[in-house]
Amino acid sequence: MYLLLFSVILVLLLAFALNRNIKNLRLESQKQEQGGKRLRFSSLPIHYIYCFILWSVIFSATILCSSFEAPIKYLLSTTFLIGNFFLIRLFYKKKFSAKNHIEGSLKLILSLTAGIGILITIIITASILFEALKFFEFVKLSDFLFGTTWNPQMAITEEQSVGSSAFGVVPVFLGTILITLIAMLIAVPLGIMGAIHLCLYAKPKVRDYIKPILEILAGVPTVVYGYFAVITVAPLFKNIFALINIDVASESALAAGFVMGIMIIPFVLSLTDDALNSVPQALKDGALALGSTKSEMIKKVVLPAAMPSVVGAVILAVSRAIGETMIVVMAAGLVAKLSFNPLESVTTATAQIVTLLVGDQEFNSPKTLAAFALALTLFIFTFIFNIVALVVIKKYKQKYG
Amino acid sequence: MAKNIINLVEKSLKKRHRKEARFRIFGVLSVALALTFLILLFGMIISKGYGAFLRTEIALEIDLSEASLLENSEISFKKIDKNNLPELLDQISYRGLIKQALREKFSDAKTLAEINSLYQTTSKIAALELKNSIANHPELIGTKNIFWISASSRFDIYFKHNQVTSLNEKQLNWANQLIENKELRTVANWKFFEFADSREPEIAGIGAGFVGSFLVMFIFLSCAFPVGVMCAFYLEEFAPKNRLTDIIEISINNLAAIPSIIYGLLGLTVYLQFFCMPRSSALVGGMTLFMLVLPVIIIATRNTIRAIPSSIRDAAMALGASKMQVVLHHLLPLSVPGIMTGTILAVSRALGETAPLLMIGMVAFIADIPQKFTDSTTVLPVQIYLWSDSPEVGFSEKTAAAILVLLAVLILFNLVAVILRKKFEKKW
């Protein structure tokens, strides 16, 4: 810590000295060559300072991270920094272009940061794949994909666990699909109709007020929606269905899907709104001029024109619903059932991942590794959905104007 | 012929107008429904949560006379004088004093069970409060005074919401008696913001979650902001148009859309298993959210840079600026408002994120406010999740109140972003 402070102060002092030094050198050379032809410099003094600071930082960082003893570290950093000082001065005298040098290094750093995006993707895929492959050593891939019972149990011994627990992913994904479907049934019509209303019917003033308010709905954390589902929506459905003598599980798929739908409305709405806005005014005016009513204009001209983007938005919404975690963890059940009844309690892939991994993990038991297999499936699905959405939007989007 | 068509059109016109009206109503209805959900959500949370910002106190007459003090202290003193006062204050059993006062006040508690339920009317930290108020006013010693003592969570809820939850009959009687005599009052509950999580709902607070959220935010912002902005500038201004750039772009767009729980798994395997970082620390949480925030910042920054017209680049280049100078002197300052807005929105998204943090073990019970980045930490959304799971009635109120605080922070962030955008955004 003190070493860091020491280096920073030393670098600043030396940089200041270098600045003075170079400026003096410049003044001197100007005096000497006065009357002659104009002097040309490749870089400003400040570029040399930047160079100095850049290399000093690199030196100091390596020294700080090295495993020398403290006094040697101090000695090394002092000698290196002072050496650096004279090196830069030498460069200045040799008319070395510091500007190009510093810009080149900066560009290198920028390109390195761009690599981080790829790096993260690779790490994600690799780490999940690695653990998932370990899981498939315990359980056959076909058993995983087509098995119809999901019952990962805590095992006392390894053999016992493989014997008594089952890792068939079908009921889990059935639950995921059911909840996603319910969410889409809420979000897609409401989102698209809302966007149509706000974009084409509502007065600009109303729109200016309502849009930010709906954006609040998009900014609410999912854990809040989960709480909302548990405390308000689930009992509400239970009471409503009790009126007609139907028993609803308190952790029904309906409640979770309904709340997830509410969460996704603003997402669909804003994407659809963008799509509708990009339809050129000339098309709308043309339809109206031919005598269609406004709703006919929307149904027959605007919506078909905006359809690719709308479809893309819906696909993105589906991928979001599949990956949504907190609502289902809190409001949906944990027991996997092979059922497509919205009034029963079902479970989803994300909820299973959370239940399998929260708490103590043993990284060689199939129970923990099953979560990674689920995550891999989830990752692949959402990846495909995202790519399809992007392709649909890009490919079928007509360019107007 | 023409007349025929006109007739036909007129006939169908009514139907078409009806369709139009129906369509319109659907539109209004869907917007209204979305707004209703919003109001329902906020109404539920506010009506449930406001109570946690208040707490109930009971007026108790506590006998601080010499005799009773000596009786309730652990080491026996002969008498009280100035010299042994601090020592005595440490040795007094404040709990005992409160118990004694309660027994005197409600003399109808006779059996052991009744007396036990009588003791449950005051909070566990009542003793600490009493100690502090006596230490602040040592002149009260030797007199009999009325002190306002924190009530227990059950009493608190009964008084605030008139909800009979887990009070037994005797306790209900006492509560009513206290209300009649106006010996209960509510005061602002600042403890809610100061204290960390606790097993007792009346002293559980969001202090640890708040500090934890801040620490986590510090980590992911100080990593993601520079990296994201630099990456965006590289991709927009310097990157050659080739395969590699395309792959980078696809992977970043995809990262922005994959489920957040996947990042949690990454944090679990890479940070916890591979690098052996401390479990559930702010460091790991921040590094996990860093990956979540990074693509969002990159995309927002790129959109801002793209909106800057190329005439600015051309003009600067024409005057002899190098590519880097164009970026540093012109594009960067011009895109600052856009970058700020995008970053604030990304931060507010990451602050509400729960699932990836559950994966890296942030579900532990944190009773102390974290001091370092490597301490075990909790964040606000995780605290909300933990409390919402708790069966105790007092925590339901706390959950809603914590949600209110979280929402207030997030809405504030969004508001700042909107204002920034309105004020500084340039239409080119």
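Residues numbered from 1 in each chain as written. Chains lettered and ligands numbered in written order. Predicted model: local features only at pLDDT ≥ 70, side-chain atom pairs only at ≥ 80, totals over all residues.

(A) How the structure looks around the overall build of chain A. Summing up its helical and strand segments, chain A has 15 helices and two strands in all. What you see for chain A is a C-alpha radius of gyration of 32 Å, clearly larger than the 21 Å of a compact globule of 401 residues, by over 25%. With respect to the three principal axes, the spread of C-alpha positions in chain A is 100 × 75 × 35 Å. The buried share among the 401 residues of chain A stands at 42%. Within chain A, contacts between residues at least 6 apart in sequence are counted, and of these 75% link residues at least 24 apart. (Helix = DSSP H or I, 4+ residues; strand = E, 2+ residues; numbered from the N terminus. Rg over C-alpha atoms; globule rule 2.2 N^0.38 Å. Buried ≥ 20, exposed ≤ 12 C-beta atoms within 10 Å, placed from the backbone. Contact = placed C-beta atoms within 7 Å.)

(B) Fine view of the overall build of chain B. Scanning chain B from terminus to terminus reveals 18 helices and three strands. In terms of overall dimensions, chain B has a C-alpha envelope of 105 × 70 × 40 Å along the principal axes. Evaluated residue by residue, chain B yields a buried proportion of 42% over its 428 residues. Within chain B, counting contacts between residues at least 6 apart in sequence, those at least 24 apart form 76% of the total.

(C) Representation of the environment of Glu344 of chain A in the model. In this structure, Glu344 of chain A sits in the loop between α13 (326-331) and α14 (349-357). The spatial distance from the C-alpha of Glu344 of chain A to the C-alpha of Ile393 of chain A is 36 Å, given a sequence separation of 49 residues.

(D) Unusual backbone geometry, seen in detail. Residues and elements named next belong to chain B. In this structure, Cys276 is a non-glycine residue whose phi angle is positive, near 55°. Among the structural elements, Cys276 can be located in the loop between α12 (260-274) and α13 (282-307). A positive phi angle, close to 55°, is found at Ser280, a residue other than glycine. Judged by local crowding, Ser280 falls into the buried class, with 23 C-beta atoms found within 10 Å.

(E) Representation of the sheet that holds strand β2 (residues 144-150) of chain B in the model. Residues and elements named next belong to chain B. Taken in spatial order, the three strands line up as β2-β1-β3 in an open sheet, and their pairing is antiparallel. Each having just a single partner strand, β2 and β3 (184-188) make up the two edges of the open sheet. On average, adjacent strands in this sheet sit at an angle of 40° to one another, irrespective of strand direction. Sheet topology places strand β1 (residues 54-63) next to β3; five bridges connect them, and they run antiparallel. Each residue of the ladder has a partner; that of Ile58, found in β3, is Leu184. (Pairing = 2+ DSSP bridges. Axes fitted to C-alpha atoms, helices over the stretch in contact; angles between N-to-C directions.)

(F) View of the domain arrangement of chain B. Examined at the domain level, chain B breaks down into domain 1 (56-187) and domain 2 (207-424). Inter-centroid distance (C-alpha atoms) of domain 1 of chain B to domain 2 of chain B is 48 Å. (Domains from an automatic or database assignment.)

(G) Representation of the domain arrangement of chain A within the structure. When cut into domains, chain A gives domain 1 (2-32 + 40-108) and domain 2 (159-396). One C-alpha centre belongs to domain 1 of chain A, the other to domain 2 of chain A; they are set 56 Å apart.

(H) The interface of chain B and chain A, seen in detail. Between chain B and chain A, the residue contacts involve 67 residues of the former and 68 residues of the latter. With 18 residues, the top contributor of residues to the side of chain B that touches chain A is helix α1 (residues 2-49) of chain B. The residue makeup of the side of chain B that touches chain A, split by class, is 48 nonpolar, 15 polar and four charged. (Nonpolar A, V, L, I, M, F, W, Y, C, P; charged D, E, K, R; others polar.)

(I) Main features of the pairing of β1 of chain B. Inspection of the sheet shows β1 of chain B paired to β2 of chain B by seven bridges, in the antiparallel sense. Considered in β2 of chain B, the bridge of Glu57 of chain B is made with Ser150 of chain B.

(J) View of the environment of Ala306 of chain A. Residues and elements named next belong to chain A. Assignment of secondary structure puts Ala306 in helix α12 (residues 294-323). Distance in space between the C-alpha atoms of Ala306 and Val279 is 6.6 Å, their sequence separation being 27 residues. Setting aside anything within four residues of it in sequence, one finds Ala306 in contact with Ala275, Leu276 and Val279.

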